[in-house]
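# Secondary and tertiary structure notes
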Amino acid sequence: MPAIPFALSLGLLLIVLVPRAPAWAATCAAEAVSARGDPSRFEVLAKAKARGNWRAKVRAMPTLGASYADYNKAQDASYRCTQEDGKYTCTAGGRPCQD
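Residues numbered from 1 in each chain as written. Predicted model: local features only at pLDDT ≥ 70, side-chain atom pairs only at ≥ 80, totals over all residues. Heavy atoms only, no water.

### Details of the overall build of the protein chain
- What the protein chain contains, in helices and strands, is 2 helices and 5 strands.
- Beginning at the N terminus, the succession of helices and strands in the protein chain can be written as α-β-β-α-β-β-β.
- Considering the protein chain as a whole, with its 99 residues, one finds that 23% of them fall into the buried category.
- Residue pairs in contact within the protein chain that sit at least 24 positions apart in sequence constitute 56% of those at least 6 positions apart.
- Counting every atom, the protein chain has about 7,100 Å² of accessible surface; 58% of that belongs to carbon and sulfur. (Helix = DSSP H or I, 4+ residues; strand = E, 2+ residues; numbered from the N terminus. Buried < 20%, exposed > 50% of the residue type's maximum accessible area, 1.4 Å probe, protein only. Contact = heavy atoms within 4.5 Å. Areas by Shrake-Rupley, 256 points an atom, 1.4 Å probe, with all protein chains shown as cover.)

Below, the structure is given as structure tokens:
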């Protein structure tokens, strides 16, 4: 009956390896939020400005508020940047989440 120990081992392995949502999983907004920042000569500053505007926009939303305004916790967070006349303009986007 070597099949039974193998099946038990496989079952235990699946329990350990299959990812599950932890009890402390984040709650995220249904829709993504995006915000454009002011132009800057440096891309890193343009991203920081976009991120700041994203946080302000999320804080001002009545259905979300300050508890969702941490860009580092946003799901699918990303930047879109363009360069024109030596200046970068970025847009930050992502689904706001809270712990």
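Once the structure has been displayed, the description carries forward.
### Structural notes on the environment of D38
- By the element assignment, D38 lies in the loop between strand 2 (33-36) and helix 2 (43-60).
- In sequence terms D38 and Y88 are 50 residues apart; their C-alpha atoms lie 8.5 Å from each other.
- Ignoring sequence-local partners within four residues, the contact set of D38 consists of A46, K49, N53 and Y88.

### With respect to the pairing of strand 4 (residues 87-95)
- Note: strand 2 against strand 4, 4 bridges, orientation antiparallel. Bridge pairing in strand 4 links V33 to G94.
- Pairing between strand 3 (residues 75-84) and strand 4: 8 bridges, direction antiparallel. Considered in strand 4, the bridge of T82 is made with T89. (Pairing = 2+ DSSP bridges.)

### Some remarks on the confidence of the model for the protein chain
- Residues at a pLDDT of 70 or more form 75% of the protein chain, whose mean pLDDT is 84.
- Taken as a whole, residues 12-23 scores under 50 in pLDDT and shows 1 contact with residues more than four places along the chain or in a different chain. (pLDDT = per-residue confidence, 0-100.)

### Details of the nonpolar core
- Ranked by size, the top nonpolar core spans 14 residues in total, and within it W54, V58, L64 and A92 carry the most contacts.
- When contributions to this core are tallied by element, the ones reaching two or more residues are strand 2, helix 2 and strand 4.
- No other element matches the 4 residues that helix 2 contributes to this core.
- When sequence neighbours within four positions are dropped, the list of residues in contact with W54 reads V33, S34, A35, Y68, A69, D70, Y71, A74, A92, G93, G94 and P96. (Core = buried A, V, L, I, M, F, W, Y, C linked by side-chain atoms within 4.5 Å.)

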